[in-house]
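# Residue-level structural notes
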Amino acid sequence: MGITREPEFNAANVFGKGNPNAALAQYFTGESFLNPLTDPQNGELPLFNVTFEPGCRNNWHVHHAKSGGGQVLICTAGEGWYQEEGKAARELVPGTVVVIPAGVKHWHGAKADSWFSHIAIEVPGEGCSNEWLEPVDDAAFAMLG
Ligand code: MN
């Protein structure tokens with residue numbers, strides 16, 4: 001079930017909201033938050049809990065890699081959407097796992113009427129980089145569920 005009220009959502013967001021995602025704000029529509037769960041600078045696998053306010057989503061983007069790479073999303077609170085180019089959007093609820101292969105254009109974010117969080121796992125690989133593309137079209141987003 002979607003969660004519109006922030007205090008109720010914060011109670012459900014067990015991995016924590018963290019701080020405003022300032023470094024990537026230019027690639028998001030709406031406000032997002034980032035809570036690091038590990039210490040990649042100490043060689044730990046990068047895990048982040050990413051929180052999206054209602055209606056917030058990231059731009060279309062691609063996780064590139066020469067081998068391996070890609071991203072895994074583990075949905076933890078609220079409700080959201082995941083969409084790959086040319087495919088129908090997939091509903092995200094707590095417990096949903098999304099495996100995003102390297103090289104696939106996609107976006108992810110909250111439903112219009114719900115806060116949403118997922119843990120993002122950067123899958124190790126060679127030559128990994130992220131390519132940020134155009135924002136998700138407002139009219140297309142409004143048509144979702
Ligand atoms: Mn992604």
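Above: the structure in question.
Residues numbered from 1 in each chain as written. Predicted model: local features only at pLDDT ≥ 70, side-chain atom pairs only at ≥ 80, totals over all residues. Heavy atoms only, no water.

## Focus on the overall build of the chain
Formally: In this text, helices come from DSSP runs of H or I with a minimum length of four residues, and strands from runs of E with a minimum of two, each type numbered from the N-terminal end. Two things to know: the radius of gyration comes from C-alpha atoms, and the globule rule equals 2.2 Å times the number of residues to the power 0.38. Classification of residues uses two cut-offs on accessible area relative to the type maximum, computed with a 1.4 Å probe and protein chains only: under 20% is buried, over 50% is exposed, and between them is partly exposed. The criterion used for residue contact is that any of the two residues' heavy atoms lie within 4.5 Å. This count recognises Lys and Arg as positive and Asp and Glu as negative, with His and chain-terminal groups excluded. Lys charges are placed at NZ, Arg charges at CZ, Asp charges at CG and Glu charges at CD.
Check the secondary structure of the chain and you find 2 helices and 15 strands. At 14 Å, the chain has a C-alpha radius of gyration in line with the 15 Å of a compact globule built from 145 residues. With respect to the principal axes defined by its C-alpha atoms, the chain has extents near 40 × 35 × 25 Å. In the chain, buried positions account for 41% of the 145 residues. A sequence separation of at least 24 residues applies to 71% of the contacts in the chain between residues at least 6 apart. The averaged location of the 17 negative side-chain charges in the chain is 4 Å from the averaged location of its 8 positive side-chain charges.

## Focus on the layout of surface pockets
For clarity, the cut-off: A pocket, in this scheme, is an open set of points on a 1 Å grid over the protein atoms alone with protein on both sides within 12 Å along at least 5 of 7 lines, while a cavity is a set where a 1.4 Å probe fits but cannot get out; residues line either one if an atom lies within 4 Å of a point. Grid points are joined across faces, edges and corners, and a volume is the space filled by probe spheres set on the points. Only Asp, Glu, Lys and Arg are considered charged, only Ala, Val, Leu, Ile, Met, Phe, Trp, Tyr, Cys and Pro nonpolar, and every remaining residue, Gly among them, polar.
Of the pockets and cavities examined, the largest pocket occupies roughly 360 Å³. Contributing to the lining of the largest pocket are 23 residues, with His63, Gln71, Ala120, Glu122 and Asn130 lying nearest its centre. Elements supplying a minimum of two residues to the lining of the largest pocket: strand S4 (47-52), strand S6 (61-64), strand S13 (116-122) and strand S15 (129-132). Tallied by class, the residues present in the lining of the largest pocket amount to 10 nonpolar, 12 polar and 1 charged.

## Points about the coordination of the manganese ion
Formally: Ligating atoms shown are N, O and S within 2.8 Å of the metal, or 3.2 Å for Na, K and Ca, and water is not included, meaning a site may look less than complete.
Protein coordination at the manganese ion comes from His61 (NE2), His63 (NE2), Gln71 (OE1), His106 (NE2) and His108 (NE2), with a distance range of 2.2 to 2.3 Å. Look at where the donors of the manganese ion fall in the sequence and you get H-x1-H-x7-Q-x34-H-x1-H. For the pair shown, His61 and His63 are each scored as buried.

## Thoughts on the side chain of Ser114
This is how the line gets drawn: Each polar contact in these results corresponds to two N or O atoms within 3.5 Å; when the atoms are within protein, one needs to be able to donate a hydrogen and the other to accept it, and residues that are neighboring in sequence are counted only if both atoms are side-chain atoms.
As for its placement among the helices and strands, Ser114 is situated in the loop between strand S12 (106-110) and S13. A distance of 2.8 Å separates the side chain of Ser114 from the backbone nitrogen of Ile3, its partner in a polar contact. Not counting chain neighbours up to four residues away, the residues in contact with Ser114 comprise Gly2, Ile3, Glu53, Pro54, Gly55, Gly78 and Glu79.

## Digging into the side chain of Asn21
Among the structural elements, Asn21 can be located in the loop between strand S1 (19-20) and strand S2 (28-29). Taking relative accessible area as the criterion, Asn21 reaches 5% and is therefore assigned buried. Excluding anything up to four places from it in sequence, Asn21 contacts Phe28, Ser32, Phe33 and Leu34.

## Remarks on the sheet that holds S4
Filter applied, for reference: For two strands to pair, DSSP has to find at least two bridges joining them.
With antiparallel pairing, 6 strands are arranged side by side in an open sheet as S1-S3-S4-S13-S8-S11. Every other strand in the sheet has two partners, leaving S1 and strand S11 (97-100) as the edge strands with one partner each. In this sheet, S13 lies alongside S4 in antiparallel orientation, the contact comprising 6 bridges. When the bridges of S13 are listed, Leu47 appears paired with Ile121.

## Let's talk about a nonpolar patch on the surface
To keep things clear, this is the line we draw: For patches, a residue must show more than 30% relative accessible area and have no salt bridge; joins then use 9 Å for like charges and 5 Å for nonpolar side chains, namely Val, Leu, Ile, Met, Phe, Trp and Tyr. To be clear on the numbers: accessible area is Shrake-Rupley with a 1.4 Å probe, and residue cover counts the displayed protein chains and nothing else. Just to be clear on terms, a salt bridge is a Lys or Arg side-chain nitrogen sitting within 4 Å of an Asp or Glu carboxyl oxygen.
On the surface, a nonpolar cluster with roughly 270 Å² of combined accessible area is contributed by Val14, Phe15 and Leu37. As for its position among the elements, Phe15 is in the loop between helix H1 (6-12) and S1. Take Phe15: its relative accessible area is 38%, and that puts it in the partly exposed class.

## Let's talk about the nonpolar core
A general feature of soluble globular proteins is that nonpolar side chains tend to end up buried together. Condition: Residues belong to a common nonpolar core when they are buried Ala, Val, Leu, Ile, Met, Phe, Trp, Tyr or Cys residues joined through side-chain atoms within 4.5 Å.
Judged by nonpolar contacts, the single largest core of 14 residues is most densely connected at Phe52, Leu73, Tyr82, Leu92, Val98 and Phe116. At the level of elements, S4, strand S8 (71-78), S11 and S13 are the ones that each hand at least two residues to this core. Per-element accounting of this core gives the leading share, 3 residues, to S4. When sequence neighbours within four positions are dropped, the list of residues in contact with Leu73 reads Tyr82, Thr96, Val97, Val98, Ile100, His108, His118, Ile119 and Ala120.

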